[in-house]
Amino acid sequence: MAVCDICMTPTNWNAGATYSPDQFRALVHRGFEPDAATMATAFAQFPIAVARKAWKQGALESPTVWLLCPSCARRAANIAPDIVPSGIPEKSTSSPAQPESTASNSGCAIILALVVAATAISLLLTVGLVVGHSIAER
Ligand SMILES: [Zn+2]
């Protein structure tokens, strides 16, 4: 089952819309981003400005095809009616067996990177607190 690269809603290659990396970059430059609810859920542990910036950076760097559910595709079409999704990827190209693994990765990879960063930050904070505490006790 494929999921929407934007809001993680289960969708499929027939119902959804696909954008090439170039098309998607153009969309992002026009201001396309996950809706507020998705941002709040997926990036809950981050200030919204940080989440937006990280998502945008990851989206612009992503080399993979994007799969958008009908709802996200509608938002994209509203922002940039002239950017027409490329449709269902050719099944006969490089990875015929699982087109899903190419497209559904980008969003997840970005979230994963953020989670790793958050873990590292909280670890640093914890160490800082422990060190601060033991110094204070002396
Ligand atoms: Zn979506």
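Each residue is numbered by its place in its chain's sequence as written, counting from 1. For this predicted model, a pLDDT threshold of at least 70 governs which residues receive local features, and a threshold of 80 or more governs which side-chain atom pairs are given and counted, while totals over whole chains, interfaces and linings are taken from all residues.

Now for the overall build of the chain. Going along the chain from the N terminus, every DSSP run of H or I of four or more residues is numbered as a helix, and every run of E of two or more is numbered as a strand. The helix and strand inventory of the chain stands at six helices and four strands. Overall, the chain shows an N-to-C arrangement of helices and strands of β-β-β-α-α-α-β-α-α-α. When burial is assessed residue by residue, the chain has 26% of its 138 residues classed as buried. Remark: residues whose backbone-derived C-beta atoms lie within 7 Å of one another are considered to be in contact. Residue pairs at least 24 apart in sequence account for 82% of intrachain contacts in the chain once pairs closer than 6 positions are excluded. Backbone-placed C-beta atoms define the burial measure: a residue is buried with 20 or more other C-beta atoms within 10 Å of its own, exposed with 12 or fewer, and partly exposed in between.

On to the environment of phenylalanine 43, then. On the secondary structure map, phenylalanine 43 appears in the loop between α2 (36-42) and α3 (48-61). With 21 C-beta atoms counted inside 10 Å, the residue phenylalanine 43 sits in the buried group. Through-space distance from the C-alpha of phenylalanine 43 to that of valine 115 is 8.4 Å; in sequence the pair is 72 residues apart.

The next thing to look at is unusual backbone geometry. One non-glycine residue with positive phi stands out, namely methionine 8, at about 65°. Locating methionine 8 in the fold gives a position in the loop between β1 (2-3) and β2 (10-11). Judged by C-beta crowding, with 17 C-beta atoms within 10 Å, methionine 8 ranks as partly exposed.

Moving on to the nonpolar core. By size, the foremost hydrophobic cluster in this structure holds 24 residues, and its most contacted members are Cys4, Leu68 and Cys72. Aside from chain neighbours lying at most four places away, what touches leucine 68 is Cys4, Asp5, Ile6, Gly16, Ala17, Tyr19, Ala73 and Ala76. Buried Ala, Val, Leu, Ile, Met, Phe, Trp, Tyr and Cys residues whose C-beta atoms connect them within 7 Å together make up a nonpolar core.

At a closest axis distance of 8 Å, the pairing of helix α1 (residues 21-29) and α3 adopts a crossing angle of 150°. In terms of their interaxial angle, α1 and α3 are classed as roughly antiparallel. Between α1 and α3 the crossing geometry is left-handed. Along its contact with α1, which presents Phe24, Arg25 and Val28, the element α3 presents Lys56, Ala59 and Leu60. Residues were grouped as follows: Ala, Val, Leu, Ile, Met, Phe, Trp, Tyr, Cys and Pro as nonpolar; Asp, Glu, Lys and Arg as charged; and all remaining residues, including Gly, as polar. For the contact of α1 with α3, the per-class residue count stands at four nonpolar, no polar and two charged. To define axes, lines are fitted to C-alpha atoms, for helices over the stretch in contact only, and angles between the resulting N-to-C directions are given on a 0 to 180 degree scale. Angles are sorted into four bins: roughly parallel if under 35 degrees, roughly antiparallel if over 145, roughly perpendicular if 65 to 115, and oblique for all others. Crossings are sorted by hand: turned counterclockwise from the far helix by less than a right angle, the near helix makes the crossing left-handed, and turned clockwise it makes it right-handed.

This part takes up α3. Between the first and last residue of a helix there are one fewer steps than residues, each counted as 1.5 Å, and that sum is the expected span. A rise of 1.5 Å per residue sets the reference length of α3, with its 14 residues, at 20 Å; its end C-alpha atoms lie 20 Å apart and thus fit the reference within 8%. All of the buried residues along α3 are Ala51, Trp55 and Ala59. Seen end-on, α3 carries its buried residues on one side only, within an arc spanning 60°. Along α3, exposed side chains directed more than 90 degrees from the buried face belong to Ala49, Lys53, Leu60 and Glu61. Working note: the arc is built from the helix axis to C-beta atom directions.

The quantity called pLDDT is the predictor's confidence in a given residue, expressed from 0 to 100. Put simply, the chain has an average pLDDT of 79, and 66% of its residues get 70 or more. Element-level pLDDT for the chain is lowest in helix α5 (residues 99-103), with a mean of 49, against a maximum mean of 96 in α1.

Here helix α4 (residues 70-79) has its buried residues at Cys72, Ala73 and Ala76. Considered in projection along α4, the buried side chains sweep an arc of 100° and stay on one side of the axis. Exposed and oriented more than 90 degrees from the buried face of α4 are Pro70, Arg74 and Asn78. Contact partners of the buried residues in α4: β3 (17-19), α1 and β4 (66-68).

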